[in-house]
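# Working through the structure, step by step
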Amino acid sequence: MNERQSSDVAPRVRFISLALGLLVLALLLLTPVKAWLNQIPNFWQFVYPLLTLFAAYLVIGSLRTKEGAATTAKWAVLFASALCATAYAWGAGRAFFTVARWSAVLFIVAEVLLTILEGSTGTDDAPIV
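The notes below deal with the structure included here. (Residues numbered from 1 in each chain as written. Predicted model: local features only at pLDDT ≥ 70, side-chain atom pairs only at ≥ 80, totals over all residues. Heavy atoms only, no water.)

Our next topic: the overall build of the protein chain. Along its length, the protein chain carries five helices and zero strands. Across the protein chain, helices and strands are ordered from the amino to the carboxyl terminus as α-α-α-α-α. Going through the 129 residues of the protein chain one by one, you find that 22% of them count as buried. Sequence-distant contacts, at least 24 apart, represent 56% of the contacts inside the protein chain between residues at least 6 apart. Counting only carbon and sulfur atoms, one obtains 72% of the accessible surface of the protein chain, whose full area is about 9100 Å². (Helix = DSSP H or I, 4+ residues; strand = E, 2+ residues; numbered from the N terminus. Buried < 20%, exposed > 50% of the residue type's maximum accessible area, 1.4 Å probe, protein only. Contact = heavy atoms within 4.5 Å. Areas by Shrake-Rupley, 256 points an atom, 1.4 Å probe, with all protein chains shown as cover.)

Pasting the structure below:
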């Protein structure tokens, strides 16, 4: 596969992965699924720290590969959200839950916008608008 073909495939793969991620998020927000997950003892106290570690890995990887500021900021927002959710799951105040939720929404919006901007400009890192 030459460079032109691989550059045409990358936006499609990124869009499909974004769409699948949003689908999983929508499924997790369904009331029966949330109720089932909440019945599992200590589930969130286990999952949120793992998400925090994964988000930290993404931030460090973004800094190491010198990706653009928009991509690094996007992963930093995910890290902040996961960190606040972890604190809330382990007994911190409701303010941590609020920050985690709004940061997660901000991350999703940033991911969608960056995907749209990358698709329109054809670059791997769109400028912050």
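After that view of the structure, there is still more to cover.
At N42, a residue that is not glycine, the phi angle is positive and equals roughly 55°. Along the chain, N42 falls in the loop between α2 (31–38) and α3 (43–64). With a phi angle near 55°, K66 is a residue other than glycine that sits in the positive phi range. Relative to the elements of secondary structure, K66 occurs in the loop between α3 and α4 (69–89). By relative accessible area, which is 71% here, K66 ends up exposed.

Moving on, we get to the pattern of salt bridges. Scanning the model with the defined rule gives one salt bridge in all. In this structure, K74 engages E111 in a salt bridge whose closest nitrogen and oxygen atoms are separated by 2.7 Å. Residue K74 is found in helix α4, and its partner E111 is found in helix α5 (residues 94–121); the two are separated by 37 residues along the sequence. Look at K74 and you get buried, because its relative accessible area is 3%. (Salt bridge = Lys/Arg side-chain N within 4 Å of Asp/Glu carboxyl O.)

Further remarks concern the packing of α3 against α4. Interhelical geometry of α3 versus α4 gives an angle of 160° and a closest axis separation of 8 Å. One element, α3, and the other, α4, form an angle in the roughly antiparallel class. As for how α3 packs across α4, the hand of that crossing is left-handed. Side by side, α3 and α4 meet where W44, Q45, Y48, P49, L51, T52, A55, A56, L58, V59, S62 and L63 of the first sit next to T71, T72, W75, A76, L78, F79, A82, L83, A85, T86 and A89 of the second. Across the contact of α3 with α4, the residue classes break down as 17 nonpolar, six polar and no charged. (Axes fitted to C-alpha atoms, helices over the stretch in contact; angles between N-to-C directions. Parallel < 35°, antiparallel > 145°, perpendicular 65-115°, else oblique. Left-handed = near helix turned anticlockwise from the far one by under 90°. Nonpolar A, V, L, I, M, F, W, Y, C, P; charged D, E, K, R; others polar.)

Turning to the nonpolar core, a few remarks are in order. Grouped together as the largest cluster of nonpolar side chains are six residues: A55, L58, V59, W75, L78 and F107. Secondary-structure elements contributing two or more residues to this core are α3 and α4. No other element matches α3, which puts three residues into this core. If near-sequence neighbours (up to four positions away) are discounted, A55 is found in contact with W75, L78 and F79. (Core = buried A, V, L, I, M, F, W, Y, C linked by side-chain atoms within 4.5 Å.)

Next up on the list: the side chain of S81. With respect to the helices, strands and loops of the structure, S81 is situated in helix α4. Since its relative accessible area comes to 8%, S81 is described here as buried. Here the side chain of S81 touches A100 through a polar contact of 2.7 Å, landing on its backbone oxygen. Apart from residues no more than four positions distant in its own chain, S81 is found in contact with A100, S103 and A104. (Polar contact = N/O pair within 3.5 Å; in protein donor to acceptor, adjacent residues only side chain to side chain.)

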